[in-house]
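# Fold and contact review
These are the residues of each chain, in order.
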Amino acid sequence: MKTTEFEFRPGPLFAQTVSPMRSPHDASNQSALLEAMGERRVTVDGQTYTLKAPFLVIATQNPVDHEGTFPLPEAQLDRFLIRLGLGYPSLEEEGKMLVRLQKSHPIDDLASVVNAADVLACQEAVREVHVDDKGAEVSAGDVQGTREHNEVLLGGSPRASIALFRTAQALAAISGRNFVLPDA
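Residues numbered from 1 in each chain as written. Predicted model: local features only at pLDDT ≥ 70, side-chain atom pairs only at ≥ 80, totals over all residues. Heavy atoms only, no water.

At the junction of A53 and P54, the peptide bond is cis and its omega measures out at -5 degrees in the coordinates. Of note, P54 is situated in the loop between β3 (47-50) and β4 (56-57). Despite not being glycine, R40 has its phi angle at roughly 60 degrees, a positive value. Checked against the element boundaries, R40 lands in the loop between α1 (26-39) and β2 (41-44). Given the relative accessible area of 41%, R40 is considered partly exposed. Despite not being glycine, D45 shows a phi value in the positive range, around 50 degrees. (Helix = DSSP H or I, 4+ residues; strand = E, 2+ residues; numbered from the N terminus. Buried < 20%, exposed > 50% of the residue type's maximum accessible area, 1.4 Å probe, protein only.)

See below:
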């Protein structure tokens, strides 16, 4: 107040792992989140800040209650690499969950299992997994197929091709291979 100048204070998007929640200003927050996910940077008052790697967004969607949220347009959904549907646990699984939660919540004892440097090293190692021309052609062909299929309204973007390519590399690495199998 004394200098009539603003001081920039990095907000939640400057964390390395972000799990967005609802907000009353969801449209502007959504725009900032999409910029962060797509470009790994955030622009505030005309100033651009590069986000610290690794940057990961874990988002949830409640299919029942959308009040106060803005659904993402199809063209923006490709910023998410993987979409999982968990469904409900079985009766037995839910019973076990209740017993485990009786005295405490597992998140109370949650500890780090890896640090940022290890994640970056894994990402670099995955990029070294060999993909031959046939493997790259299969990835591109799969995405191209979504663009040409008459039952698909909006096919995958080039971003989807890159994500599929990187996912194939990661799955090969997880399987202990330093190469991608075109049919896997």
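Among the structural elements, Q123 can be located in helix α4 (residues 116-127). Note on Q123: relative accessible area 39%, which makes it partly exposed. Q123 sits 47 residues away from A170 along the chain, and the two C-alpha atoms are 8.4 Å apart.

Attention now goes to a nonpolar patch on the surface. On the surface, L81, I82, L84 and L86 cluster together to form a nonpolar patch covering roughly 510 Å² of accessible area. Overall, the relative accessible area of 77% leaves L86 in the exposed class. (Patch = residues over 30% accessible without salt bridge, like charges linked within 9 Å, V, L, I, M, F, W, Y side chains within 5 Å. Areas by Shrake-Rupley, 256 points an atom, 1.4 Å probe, with all protein chains shown as cover. Salt bridge = Lys/Arg side-chain N within 4 Å of Asp/Glu carboxyl O.)

Per-chain confidence: the chain averages 85 in pLDDT, with 89% of residues scoring 70 or above. Of all helices and strands in the chain, the one with the weakest mean pLDDT is helix α2 (residues 74-77) (70), whereas helix α3 (residues 91-100) scores best (95). (pLDDT = per-residue confidence, 0-100.)

With four bridges connecting them, β2 and β3 associate as antiparallel partners. Directly across from V44, in β3, lies its bridge partner Q47. As consecutive antiparallel partners, β2 and β3 are separated by two residues, and within that stretch D45 has a phi angle of approximately 50 degrees, a positive value. (Pairing = 2+ DSSP bridges.)

One pass over the full model with this rule turns up three aromatic pairs. Relative to F14, the ring of F8 has its centre 5.7 Å away and its plane inclined at 70 degrees; by these criteria the two rings are edge-to-face. Taking the centre distance of 5.8 Å and the plane angle of 75 degrees together, the rings of F14 and Y49 count as edge-to-face. A residue pair is termed long-range when its members are at least 10 positions apart, and F14 in the segment before β1 (17-18) and Y49 in strand β3 qualify at 35 residues. Members of the aromatic cluster, each reached through a chain of ring pairs, are F8, F14 and Y49. (Phe/Tyr/Trp six-rings, centres within 6.5 Å; stacked < 30°, edge-to-face > 60°.)

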